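If you want the building blocks of each chain, they are given just below.
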Amino acid sequence: MSRKNQTLGEFIIENQSSFKYTSGELSRLINSIRLAAKVVNHEVNKAGLVDIIGAAGDTNIQGEDQQKLDVYANNKFIQTMTKRNIVCGIASEEEDDFISINSQDENHQNKYVVLIDPLDGSSNIDVNVSVGTIFSIYRRVTPVGTPATIDDFLQKGNQQVAAGYIIYGTSTMIVYTTGDGVNGFTLNPAIGTFYLSHPDMKFPENGKIYSVNEGNYIHFPQGIKNYIKYCQMEEGDRPYTSRYIGSLVSDFHRNMIKGGIYMYPKSSKNSNGKLRLLYECNPMAYIAEQANGKASDGFNRIMDIEPTELHQRVPFICGSKNMVEKAEEFMRNA
Ligand code: AHG
Ligand code: MN
Ligand code: MN
């Protein structure tokens with residue numbers, strides 16, 4: 001029985017038995033993410049104080065400049081998860097290829113793979129706006145004791161066993177699901193403990209917020225243009241309010257609490273949009289569905305898309321159920 005003010009540590013132990021594989025490994029994995037989150041949080045909070053912001057000089061596979069904190073968060077999460085014998089492979093936005101763990105040791109029993117966006121919204125760090133971390137967890141499909149392969153990572157989102165995000169905001173939270181609803185925990189930074197603050201989070205069925213980078217309007221598909229006009233029309237509970245932080249985790253988190261829709265559609269410049277299927281859209285889609293929300297590429301359920309590449313992009317529409325369905329209707333009829 002979850003109760004408010006319970007610590008994340010207590011919650012993980014008490015809810016372990018409700019998970020269908022009860023070996024305790026998934027609990028230990030989530031515990032290691034909790035630990036890395038605290039360390040990264042500490043570093044993110046210092047960003048304005050010490051001169052560690054700015055590009056680290058590397059360019060990631062998406063052709064974007066890496067900020068130093070992206071690299072820091074990437075290393076910290078990988079280090080923390082690698083140490084425990086649970087994960088056989090990790091894929092990250094910041095790594096061109098996936099990392100295989102214990103691939104030389106035939107006796108290892110590591111069953112899980114993790115896909116991660118170590119720092120989401122990282123262009124916001126320089127200006128003191130919230131950033132996040134997104135993670136997605138699967139059981140491997142190749143035999144235990146062998147090196148992880150690309151097949152372990154290219155699984156449909158509907159195979160996820162857990163997913164979550166950390167938001168480094170006005171307060172730091174970890175929000176995650178293991179397929180039994182969504183719970184949010186807030187960090188008390190004075191003692192470094194996460195407490196259950198948002199039990200059983202749910203998207204309101206309807207919302208009044210739409211989040212999209214409207215600067216790209218001219219490049220959007222006609223269905224999205226029509227839906228945006230619908231959001232702005234004076235009728236019933238409309239016009240809706242426009243809110244766009246430019247940090248998926250933060251925009252999603254606000255919309256889940258208040259009711260809203262987030263859209264990163266394809267455009268005439270990016271035929272598949274911008275966001276990455278495996279470590280941005282799938283985990284957010286899993287959380288959304290576990291919270292009564294919905295996630296779509298405009299036509300199909302995000303979690304039913306067959307992945308073909310590690311860093312694949314996909315158009316993303318996610319949020320309150322009725323709003324996402326309305327946007328899909330506009331896409332179908334355009
Ligand atoms: P990341 O920092 O991991 O590259 O992700 C940024 C993503 C997402 O968080 C955000 O919603 C979106 O990019 C913003 O893109 P635009 O600046 O094109 O609106
Ligand atoms: Mn991101
Ligand atoms: Mn990122």
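Residues numbered from 1 in each chain as written. Chains lettered and ligands numbered in written order. Predicted model: local features only at pLDDT ≥ 70, side-chain atom pairs only at ≥ 80, totals over all residues. Heavy atoms only, no water.

Quick look at the nonpolar core
Alright, step 1. In this structure, Y165, F252, M256, M284, I287, I302 and F316 are the most contacted members of the largest nonpolar core, which totals 42 residues.
Alright, step 2. Broken down by element, this core gets its largest block of residues, nine residues, from helix α7 (residues 277-290).
Alright, step 3. Each of domain 1 (8-198) and domain 2 (209-333) gives at least three residues to this core.
Alright, step 4. Apart from residues no more than four positions distant in its own chain, I302 is found in contact with L277, C281, N282, A285, A295, S296, D297, V314, P315 and F316.
Alright, step 5. Counting residues in each nonpolar core, the second largest holds 39 residues, with I12, I33, A37 and I125 among its members. (Core = buried A, V, L, I, M, F, W, Y, C linked by side-chain atoms within 4.5 Å. Buried < 20%, exposed > 50% of the residue type's maximum accessible area, 1.4 Å probe, protein only. Helix = DSSP H or I, 4+ residues; strand = E, 2+ residues; numbered from the N terminus. Domains from an automatic or database assignment. Contact = heavy atoms within 4.5 Å.)

Some words on the site of ligand 1
Alright, step 1. Close to ligand 1 lie 18 residues; D120, N213, Y244, Y262 and Y264 are nearest.
Alright, step 2. Within the side chain of Y264, an N or O atom sits 2.5 Å from an oxygen atom of ligand 1.
Alright, step 3. In the complex, the protein chains occlude 84% of the 470 Å² of accessible area that ligand 1 would expose alone.
Alright, step 4. At the level of secondary structure, the elements contributing two or more residues to the shell around ligand 1 comprise β5 (112-120) and β13 (260-264).
Alright, step 5. Here the shell around ligand 1 gets three residues from one element, more than from any other, and that element is β5.
Alright, step 6. Class assignment of the residues belonging to the shell around ligand 1 gives a composition of six nonpolar, five polar and seven charged. (Near = heavy atom within 4 Å. Polar contact = N/O pair within 3.5 Å; in protein donor to acceptor, adjacent residues only side chain to side chain. Areas by Shrake-Rupley, 256 points an atom, 1.4 Å probe, with all protein chains shown as cover. Nonpolar A, V, L, I, M, F, W, Y, C, P; charged D, E, K, R; others polar.)

Structural notes on helix α6 (residues 248-258)
Alright, step 1. Here α6 lies mainly inside the structure; nine of its 11 residues are buried.
Alright, step 2. Looking one or two places after α6, you find G259, whose phi comes out positive at around 95°.

Some words on the packing of helix α1 (residues 8-15) against helix α2 (residues 25-45)
Alright, step 1. Taken N-terminus to C-terminus, the directions of α1 and α2 make an angle of 165°; their axes are 10 Å apart at the nearest point. It follows that α1 is roughly antiparallel to α2 by the angle criterion. The hand of the α1/α2 crossing is right-handed. Side by side, α1 and α2 meet where L8, G9 and I12 of the first sit next to S27, I30, N31 and R34 of the second.
Alright, step 2. In terms of residue class, the contact of α1 with α2 is built from three nonpolar, three polar and one charged. (Axes fitted to C-alpha atoms, helices over the stretch in contact; angles between N-to-C directions. Parallel < 35°, antiparallel > 145°, perpendicular 65-115°, else oblique. Left-handed = near helix turned anticlockwise from the far one by under 90°.)

A look at the coordination of the manganese ion (ligand 3)
Alright, step 1. Around the manganese ion (ligand 3), the protein supplies E93 (OE), D117 (OD) and L119 (O) as donor atoms, at distances of 2.1 to 2.3 Å.
Alright, step 2. Each donor residue of the manganese ion (ligand 3) lies on one chain, and together they are spaced E-x23-D-x1-L. (Donors = N, O, S within 2.8 Å, 3.2 Å for Na, K, Ca; no water.)

Description of helix α3 (residues 68-83)
Alright, step 1. Helix length check: α3 (16 residues) gives 23 Å between terminal C-alpha atoms against 22 Å at 1.5 Å per residue, within 8%.
Alright, step 2. Buried within α3 we find L69, D70, A73, N74, F77, I78, T80 and M81. Along α3, the residues classed as buried sweep out an arc of 165° about the axis, all on the same side. (Expected span 1.5 Å × (residues − 1). Arc of directions from axis to C-beta.)

Section: the packing of aromatic side chains
Alright, step 1. All told, the structure shown has 11 aromatic pairs when counted by the stated rule.
Alright, step 2. Summarising the aromatic geometry, the rings of Y165 and F252 are spaced 5.7 Å apart at their centres and angled 80° between planes, so their arrangement reads as edge-to-face. In this pair, Y165 sits in strand β7 (residues 162-168) while F252 sits in helix α6, placing the two residues 87 residues apart along the sequence. Comparing Y165 with F252 shows no difference in burial state: the two are buried. (Phe/Tyr/Trp six-rings, centres within 6.5 Å; stacked < 30°, edge-to-face > 60°.)

What to know about the sheet that holds strand β12 (residues 241-242)
Alright, step 1. Across the sheet, which stays open at both edges, the five strands sit in the order β12-β11-β13-β15-β14 with mixed pairing between neighbours. Strands at the two margins of the open sheet, each flanked by one partner only, are β12 and β14 (294-296).
Alright, step 2. By the bridge criterion, three bridges tie β14 to strand β15 (residues 316-319) in an arrangement that is antiparallel. Within the sheet, the bridge partner assigned to A295 lies in β15 and is C318.
Alright, step 3. Those strands touched by helix α5 (residues 222-232) are β11 (209-211), β13 and β15, and its axis lies near 150° from that of β13. (Pairing = 2+ DSSP bridges.)

With respect to the coordination of the manganese ion (ligand 2)
Alright, step 1. Within the protein, the atoms that donate to the manganese ion (ligand 2) are D117 (OD), D120 (OD) and E280 (OE), at distances of 1.9 to 2.2 Å.
Alright, step 2. Taken in chain order, the donor set of the manganese ion (ligand 2) reads D-x2-D-x159-E.
Alright, step 3. The two metals, the manganese ion (ligand 2) and the manganese ion (ligand 3), are separated by 3.7 Å and share D117 as a common coordinating residue. Pair check on accessibility: D117 and D120 agree, each one buried.

Quick look at the sheet that holds β5
Think of a sheet as strands paired side by side through backbone hydrogen bonds, with each pair either parallel or antiparallel.
Alright, step 1. Strands sit in the order β4-β3-β5-β6-β7-β8-β9-β10 across an open sheet of eight strands; the sheet is mixed. With partners counted over all chains shown, the strands left at the sheet margins are β4 (99-100) and β10 (193-198), one partner each.
Alright, step 2. Summarising the sheet, strand β3 (residues 87-92) and β5 pair through five bridges and their orientation is parallel. Looking at the pairing, A91 lines up with L115 of β5.
Alright, step 3. Contacts from α1 reach β8 (172-177), β9 (182-188) and β10, with the element oriented near 10° to β8.
Alright, step 4. Relative to β7, α6 is tilted by about 100°, and along the sheet it contacts β5, β6 (131-139), β7, β8, β9 and β10.

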